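Architecture at a glance
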Amino acid sequence: MAKANTTELLEALAAEIGENVYIDIAKWHLYLSNAKLHTLVAEQLYPLITSNTVNQDQVTKVLKSIPIKIGGGRSELPLIDLLPLQCQLNLVDILEKYQREI
(Lines give C-alpha, C1' and ligand atoms only; values in the text may rest on other atoms or scores of the structure.)
Protein backbone atom coordinates (compact mmCIF):
# COMPACT_ATOMS: atom_id res chain seq x y z
CA MET A 1 0.00 0.00 0.00
CA ALA A 2 2.80 2.43 0.85
CA LYS A 3 4.41 1.61 -2.49
CA ALA A 4 1.23 2.61 -4.33
CA ASN A 5 1.08 5.84 -2.34
CA THR A 6 4.71 6.57 -3.14
CA THR A 7 4.12 5.87 -6.82
CA GLU A 8 1.02 8.06 -6.88
CA LEU A 9 2.85 10.85 -5.03
CA LEU A 10 5.80 10.68 -7.43
CA GLU A 11 3.48 10.77 -10.44
CA ALA A 12 1.58 13.76 -9.05
CA LEU A 13 4.83 15.53 -8.17
CA ALA A 14 6.26 14.85 -11.63
CA ALA A 15 3.08 16.15 -13.29
CA GLU A 16 3.11 19.36 -11.26
CA ILE A 17 6.81 19.91 -11.91
CA GLY A 18 6.30 19.22 -15.62
CA GLU A 19 3.51 21.75 -15.91
CA ASN A 20 5.14 24.56 -13.90
CA VAL A 21 8.90 24.37 -14.43
CA TYR A 22 10.63 25.06 -17.72
CA ILE A 23 14.06 25.44 -19.19
CA ASP A 24 14.73 28.70 -20.99
CA ILE A 25 16.76 28.65 -24.18
CA ALA A 26 16.94 31.87 -26.18
CA LYS A 27 13.68 33.01 -24.53
CA TRP A 28 11.94 29.78 -25.56
CA HIS A 29 10.23 28.03 -22.67
CA LEU A 30 10.42 24.25 -22.82
CA TYR A 31 8.41 22.79 -19.95
CA LEU A 32 10.00 19.81 -18.27
CA SER A 33 7.05 17.59 -19.21
CA ASN A 34 7.64 18.36 -22.90
CA ALA A 35 11.37 17.79 -22.47
CA LYS A 36 10.59 14.43 -20.79
CA LEU A 37 12.56 15.53 -17.72
CA HIS A 38 9.74 15.89 -15.18
CA THR A 39 9.85 12.30 -13.91
CA LEU A 40 13.63 12.29 -13.58
CA VAL A 41 13.57 15.57 -11.66
CA ALA A 42 10.76 14.34 -9.39
CA GLU A 43 12.65 11.10 -8.65
CA GLN A 44 15.84 12.99 -7.85
CA LEU A 45 14.09 15.50 -5.57
CA TYR A 46 11.70 13.09 -3.84
CA PRO A 47 14.24 12.08 -1.15
CA LEU A 48 14.35 15.72 0.00
CA ILE A 49 10.61 15.56 0.63
CA THR A 50 10.72 12.28 2.53
CA SER A 51 13.69 13.39 4.65
CA ASN A 52 12.04 16.76 5.33
CA THR A 53 15.08 18.65 3.99
CA VAL A 54 13.56 20.76 1.21
CA ASN A 55 15.31 24.13 0.98
CA GLN A 56 16.83 26.24 -1.77
CA ASP A 57 20.38 24.99 -1.16
CA GLN A 58 19.43 21.31 -1.27
CA VAL A 59 17.31 21.75 -4.39
CA THR A 60 20.13 23.65 -6.08
CA LYS A 61 22.57 20.87 -5.21
CA VAL A 62 20.30 18.26 -6.81
CA LEU A 63 19.67 20.39 -9.91
CA LYS A 64 23.43 20.83 -10.35
CA SER A 65 23.81 17.04 -10.35
CA ILE A 66 21.36 16.43 -13.23
CA PRO A 67 23.25 16.56 -16.55
CA ILE A 68 21.30 17.65 -19.65
CA LYS A 69 22.71 16.69 -23.03
CA ILE A 70 22.64 19.43 -25.63
CA GLY A 71 23.71 19.62 -29.27
CA GLY A 72 22.85 16.00 -29.97
CA GLY A 73 24.85 14.88 -26.97
CA ARG A 74 28.02 16.75 -27.92
CA SER A 75 27.89 18.70 -24.69
CA GLU A 76 26.23 18.63 -21.28
CA LEU A 77 24.99 21.33 -18.92
CA PRO A 78 23.68 20.94 -15.41
CA LEU A 79 19.92 21.44 -15.28
CA ILE A 80 20.35 24.39 -12.91
CA ASP A 81 22.04 26.35 -15.72
CA LEU A 82 18.93 26.05 -17.90
CA LEU A 83 16.30 27.01 -15.32
CA PRO A 84 15.40 30.66 -14.79
CA LEU A 85 15.53 31.79 -11.16
CA GLN A 86 11.74 32.08 -10.98
CA CYS A 87 11.37 28.44 -12.05
CA GLN A 88 13.82 27.38 -9.35
CA LEU A 89 11.76 29.26 -6.77
CA ASN A 90 8.54 27.73 -8.11
CA LEU A 91 10.13 24.30 -7.86
CA VAL A 92 11.07 24.86 -4.22
CA ASP A 93 7.50 26.03 -3.52
CA ILE A 94 6.07 22.88 -5.13
CA LEU A 95 8.41 20.66 -3.11
CA GLU A 96 7.60 22.47 0.13
CA LYS A 97 3.89 21.98 -0.54
CA TYR A 98 4.38 18.23 -1.01
CA GLN A 99 6.60 18.08 2.06
CA ARG A 100 3.80 19.63 4.18
CA GLU A 101 1.24 17.22 2.78
CA ILE A 102 3.02 13.97 3.64
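Higher on the page you've got the structure.
Before going into details, it helps to say that this report is about the structure given with it.

Rules behind the numbers
Residues numbered from 1 in each chain as written. Predicted model: local features only at pLDDT ≥ 70, side-chain atom pairs only at ≥ 80, totals over all residues. Heavy atoms only, no water. Helix = DSSP H or I, 4+ residues; strand = E, 2+ residues; numbered from the N terminus. Buried < 20%, exposed > 50% of the residue type's maximum accessible area, 1.4 Å probe, protein only. Contact = heavy atoms within 4.5 Å. Core = buried A, V, L, I, M, F, W, Y, C linked by side-chain atoms within 4.5 Å. Pairing = 2+ DSSP bridges. Expected span 1.5 Å × (residues − 1). Arc of directions from axis to C-beta.

Topic: the environment of Q58
- Its place among the elements puts Q58 in helix α3 (residues 56-64).
- Since its relative accessible area comes to 31%, Q58 is described here as partly exposed.
- C-alpha separation for the pair Q58 and E19, spaced 39 residues apart in sequence, amounts to 22 Å.
- Not counting residues up to four positions away in its chain, the partners in contact with Q58 are L48 and T53.

Quick look at the nonpolar core
- Formed by 31 residues in total, the largest nonpolar core has its most connected members in I17 and V59.
- Within the residue set of this core, elements represented by two or more residues are α1 (2-20), β1 (22-25), α2 (38-50), α3 and α4 (85-101).
- Excluding residues that lie within four positions of it along the chain, V59 makes contacts with L45, L48, V54, L91, V92 and L95.

Considerations on the pairing of β1
- Bridging between β1 and strand β2 (residues 28-31) involves four bridges; their strand directions are antiparallel. Pairing of I23 across the sheet is with L30, part of β2.
- Hairpin remark: β1 followed by β2, antiparallel, with two residues in the connecting loop; positive phi at A26, about 50 degrees.

Points about α4
- Taking 1.5 Å of rise per residue, the 17 residues of α4 would be expected to cover 24 Å, and the 25 Å separating its terminal C-alpha atoms lies within 8% of that figure.
- Inspection of α4 places C87, Q88, L91, V92, I94, L95, Y98 and Q99 among the buried residues, and these make up the whole buried set. Seen along its axis, α4 keeps its buried residues to an arc of 160 degrees; they face one direction. Structural note: α4 exposes L85, R100 and E101 on the side pointing more than 90 degrees away from its buried face.

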